[in-house]
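Observations on chain architecture
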Amino acid sequence: MEQEMKYGNDYKFIPATSVASGKGVEVLPDLYMYTTQIANICLVGEPNCNEFVLVDAGVPKQADKIIAEVEERFGKENKPKAIILTHGHFDHVGSIIELIEKWEVPVYAHELEMPYLTGAMNYPHPDASSDPGLVAKMSPMFPNDAINLGNHVQALPTDGSVPFLPEFRWIHTPGHTRGHVSFFRDKDRALIAGDAFITVKQESLTSVISQKEEISGPPKYLTQDFAEALKSIKKLIQLKPEVAITGHGVAMSGQELRDGLDHLVHHYAEYAKPNQ
Ligand SMILES: [Zn+2]
Ligand SMILES: [Zn+2]
């Protein structure tokens, strides 16, 4: 039987946005990134094809915009085969219940992320002291109570395959959250990184609003284990990604991506240093 779904008790609209909000970018012919206020979603599949998936589900109260974007790209009667999550933070599952109700599609996430998606466990409270930036300061007001997707969500296959995306594999990239995953396609080295690393300094409100490009570690105020997060970044660098879509900020490719990741690893101690 289908179980009822419910957002956490502190679920709410987030009064923060960016210049990219409501805009979509075709990063590759079958990789489309769309920004919901301050967080990206990704549609994988060629326009008007019948086999596509949605990666992540945006910030709260954006379902109408996400549905409109999907219909614009894939046709009015079309819907994704599944919603696949990098992790379960509020800005990646914020509109997911309305999307599941509209499309009746399965959701997949890493096994270790399941407690946070089935109402069993809340993420640790955001750490406002992690960074002097204003978004970090605002973070205690972000929704933090676990969403409950009941049996609409299931664990990703343990063999690394990604349902409905035969060319991709999931890579466990813990640190930001325990069950965080990224998605990688070997043939063109395309990476969907989630929040394993991002391309904007998400702690800073001015950077978020302007979407100033800068490869950064995961949003600090919500990151659970900085040492693990560094290992995950190194794991992704070893894949030699050619193009990356991240959970926050613009898509990046080629030398700019490589240099940015290199810089991040070499300055990681500064990034991860607790704010005094
Ligand atoms: Zn996150
Ligand atoms: Zn995020």
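Look up: the structure comes first, before these words.
These remarks concern the structure in this document. (Residues numbered from 1 in each chain as written. Chains lettered and ligands numbered in written order. Predicted model: local features only at pLDDT ≥ 70, side-chain atom pairs only at ≥ 80, totals over all residues. Heavy atoms only, no water.)

It is worth spelling out helix 7 (residues 226-238) at this point. Given a rise of 1.5 Å per residue, 13 residues ought to cover 18 Å, and the 19 Å separating the end C-alpha atoms of helix 7 matches this to within 8%. Inspection of helix 7 places Ala229, Leu230, Ser232, Ile233 and Leu236 among the buried residues, and these make up the whole buried set. One face of helix 7 carries all of its buried residues, which in axial projection span an arc of 160 degrees. Residues of helix 7 that are exposed and point more than 90 degrees away from the buried face comprise Ala227, Lys231 and Gln238. Looking at the buried residues of helix 7, the elements they touch are strand 8 (168-172), strand 9 (181-185), strand 10 (190-194), helix 8 (254-266) and helix 9 (268-272). The N-cap residue of helix 7 is Asp225: its side-chain oxygen and the backbone nitrogen of Ala227 are 3.1 Å apart. After helix 7 finishes, the residue Lys240 shows a positive phi value of roughly 50 degrees. (Helix = DSSP H or I, 4+ residues; strand = E, 2+ residues; numbered from the N terminus. Expected span 1.5 Å × (residues − 1). Buried < 20%, exposed > 50% of the residue type's maximum accessible area, 1.4 Å probe, protein only. Arc of directions from axis to C-beta. Contact = heavy atoms within 4.5 Å. Polar contact = N/O pair within 3.5 Å; in protein donor to acceptor, adjacent residues only side chain to side chain.)

This part takes up the coordination of the zinc ion (ligand 1). The protein atoms donating to the zinc ion (ligand 1) are His87 (NE2), His89 (ND1), His176 (NE2) and Asp195 (OD), with metal-donor distances spanning 2.1 to 2.4 Å. For the zinc ion (ligand 1), the four donor atoms in the first shell make angles of 88 to 176 degrees at the metal, so the coordination geometry reads as irregular. When the donors of the zinc ion (ligand 1) are listed by position in the chain, the intervening gaps give H-x1-H-x86-H-x18-D. Separating the zinc ion (ligand 1) and the zinc ion (ligand 2) is a distance of 3.3 Å, and Asp195 donates to both of them. One end of the pair, His89, is in the loop between strand 5 (83-84) and helix 2 (90-93); the other, His176, is in the loop between strand 8 and strand 9, with 87 residues separating them in the sequence. Judged by relative accessible area, which is 1%, His176 ranks as buried. (Donors = N, O, S within 2.8 Å, 3.2 Å for Na, K, Ca; no water. Tetrahedral: all angles 85-135°; square planar, octahedral: opposite > 155°, others 65-115°.)

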